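Spelled out from the first residue to the last, the chains are:
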Amino acid sequence: SGGVVCLGETMVVLVPAESGPVRSVRTWTRAIGGAESNVAIHLARLGLRSRWVSAVGDDAFGGAVLDYVGGAGVDVSGVRVDPSRPTGLYVKEADPLGSHARYYRAGSAASAMGPEVLAGLNLDDVRLVHVSGITAALSDSCLELLRAVLRGPREHLVSFDLNWRPALWADRDPSVLLELADAADIVLAGADEAEAVWGTGDPEKLRALLPGPATLVVKQGEEGATAVEDGEFTYQEALKVDVVEPVGAGDGFAAGYLAAHLAGLPPTRRLRAGHLQAAAALLTSEDVGEPLPPEVTGPLLSADPPAWA
Ligand code: KDG
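Residues numbered from 1 in each chain as written. Predicted model: local features only at pLDDT ≥ 70, side-chain atom pairs only at ≥ 80, totals over all residues. Heavy atoms only, no water.

As a further point, take the site of the ligand. Around the ligand, the surrounding shell holds 13 residues, and the nearest of these are Y103, R105, R165, D251 and D287. Side-chain polar atom of R165 to an oxygen atom of the ligand: 2.8 Å apart, as the coordinates give it. For the ligand, whose unbound accessible area comes to 320 Å², protein coverage reaches 95%. Spatially, the ligand is embedded in the largest pocket. (Near = heavy atom within 4 Å. Polar contact = N/O pair within 3.5 Å; in protein donor to acceptor, adjacent residues only side chain to side chain. Areas by Shrake-Rupley, 256 points an atom, 1.4 Å probe, with all protein chains shown as cover. 1 Å grid on protein atoms, 1.4 Å probe; cavity = no way out; pocket = protein on both sides within 12 Å on 5 of 7 lines; lining within 4 Å. Sits in = over half its atoms within 2 Å of the grid points.)

A separate point is the pattern of salt bridges. Summed over all chains, the structure comprises 11 salt bridges. A salt bridge links D140 to R172, with the nearest nitrogen and oxygen atoms 2.6 Å apart. Here R172 lies in the loop between β10 (157-161) and α6 (176-182) and D140 lies in helix α5 (residues 140-150), a separation of 32 residues in the sequence. In this structure R172 comes out as partly exposed when scored by relative accessible area, which is 24%. R154 is the partner of D185 in a salt bridge, and the nearest nitrogen-oxygen pair spans 3.0 Å. With D185 in the loop between α6 and β11 (186-190) and R154 in the loop between α5 and β10, the pair connects residues that are 31 residues apart, well separated along the chain. Three or more residues are tied together by salt bridges with common partners; here these are E144, R147 and E179. (Salt bridge = Lys/Arg side-chain N within 4 Å of Asp/Glu carboxyl O. Helix = DSSP H or I, 4+ residues; strand = E, 2+ residues; numbered from the N terminus. Buried < 20%, exposed > 50% of the residue type's maximum accessible area, 1.4 Å probe, protein only.)

With that out of the way, let us pick up the side chain of D287. Counting through the fold element by element, D287 comes out in the loop between α10 (267-282) and α11 (294-300). No salt bridge is formed by the buried D287; the nearest opposite charge belongs to K92, separated by 4.2 Å. A polar atom in the side chain of D287 sits 3.0 Å from the side chain of N38. Those residues in contact with D287 that lie beyond four places of it in its chain are I32, G33, G34, N38, Y90, K92, V247, G248 and A281. (Lys, Arg positive; Asp, Glu negative; His and termini not counted. Contact = heavy atoms within 4.5 Å.)

Now for the state of the cysteines. The tally for this structure, following the rule as stated, stands at 0 disulfides. C6 takes part in no disulfide bond, and the closest cysteine sulfur to it belongs to C142, at a distance of 16 Å. (Disulfide = S-S within 2.5 Å.)

Scanning the entire structure with this criterion turns up 3 aromatic pairs. Between the aromatic rings of F253 and Y257, the centroid separation amounts to 6.4 Å while the plane-to-plane angle is 20°, which identifies the pairing as stacked. Pair noted here: F253 and Y257 are both in helix α9 (residues 249-262), with a separation of 4 residues, about one helical turn. Stacked on the ring of Y103, the Lys or Arg R105 has its end atom at 4.6 Å from the ring centre. (Phe/Tyr/Trp six-rings, centres within 6.5 Å; stacked < 30°, edge-to-face > 60°. Lys NZ or Arg CZ within 6 Å of the ring centre and 35° of its normal.)

So, on to the sheet that holds strand β4 (residues 50-53). Adjacent strands of a sheet form backbone hydrogen bonds with each other and so pair up, either parallel or antiparallel. The 8 strands are arranged β4-β1-β9-β10-β11-β12-β13-β14 in an open sheet whose pairing can be described as mixed. Each edge of the open sheet is held by one strand with a lone partner, namely β4 and β14 (232-237). Taking each pair of neighbouring strands and ignoring which way they run, the sheet shows an average axis angle of 15°. Of the strand pairs in this sheet, β10 and β11 are connected by 3 bridges, and their pairing is parallel. (Pairing = 2+ DSSP bridges. Axes fitted to C-alpha atoms, helices over the stretch in contact; angles between N-to-C directions.)

Let us look at the pairing of strand β1 (residues 3-7). Across the 5 residues of β1, 5 count as buried, placing the element largely inside the fold. Going residue by residue along β1, you find G3, V5 and L7 tucked away on one face and V4 and C6 tucked away on the opposite face as well. Judged from the 4 bridges that link them, β1 and strand β9 (residues 126-132) form a sheet pairing that is parallel. Within β9, the residue paired with G3 across the bridge is V126. Of the pairings in the sheet, the one linking β1 to β4 comprises 4 bridges and is parallel in character. When the sheet's bridge partners are listed, V4 is paired in β4 with S50.

In short, geometric facts, not functional conclusions.
Below is the structure:
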């Protein structure tokens, strides 16, 4: 079976390892974070052939990113190592109002990617290319790369996760996200982020805004998710889990959903696979979380599943 390509920036993440104001923190935990490589890792864990395409600096952080993503079973041979630009970095700053990310990624190796990255890819045996709205905000050349990925005609599917990151859009016009999403085959968006960017999180209204994609998936937070396809709306409740940290859950959901889509499963089972893979990410403070046991992931994509899958 053909593989999947996930394209986008991945950074080193610094998480305070002691409490108190961030400016006095001296001990940090180094993690790795990137929405699209998170998806690639989840897909590899689900048994798909998964490639991550991006660029990192020729530095220790770039090496750490490659070790982490490659070590998780993802093909990183197509990642460009850029000798003249650094690997991106983000810092999780916890404050009394909750934690948020501060990015140090302007001018990063990945932000210098452009349409030539797509031109250099062999997509002969690829069934799906997965991208996200983050890439559209990184630079003009990254926006052009995304446009090229979404320009038809093509032999493979393209999935687009909205991944609204307001901090990246301060100096850019986010209206481009609608045009990009509408050119994809599968669009995934959280109701809250869709509300923020497109003025509605309602699946029916979103469908009216996005007539292009064959499939539209709206994630309704802890409640559940709705898939819209051929004018049919399928709702599936989420799992009840004790959430440790929600960051990265959307990536798990996307991977579970997409793997089940590629396996030819009906919408209900795609949504369930999404919820289950998201749960893995919800249960840890790291983006991706621990792998689910094979007893759980095995039946997820099978044609003859137990009742729970
Ligand atoms: O989806 C999780 C991501 O938000 C995180 O890993 C960092 O890719 C990231 C971003 O650009 O926010």
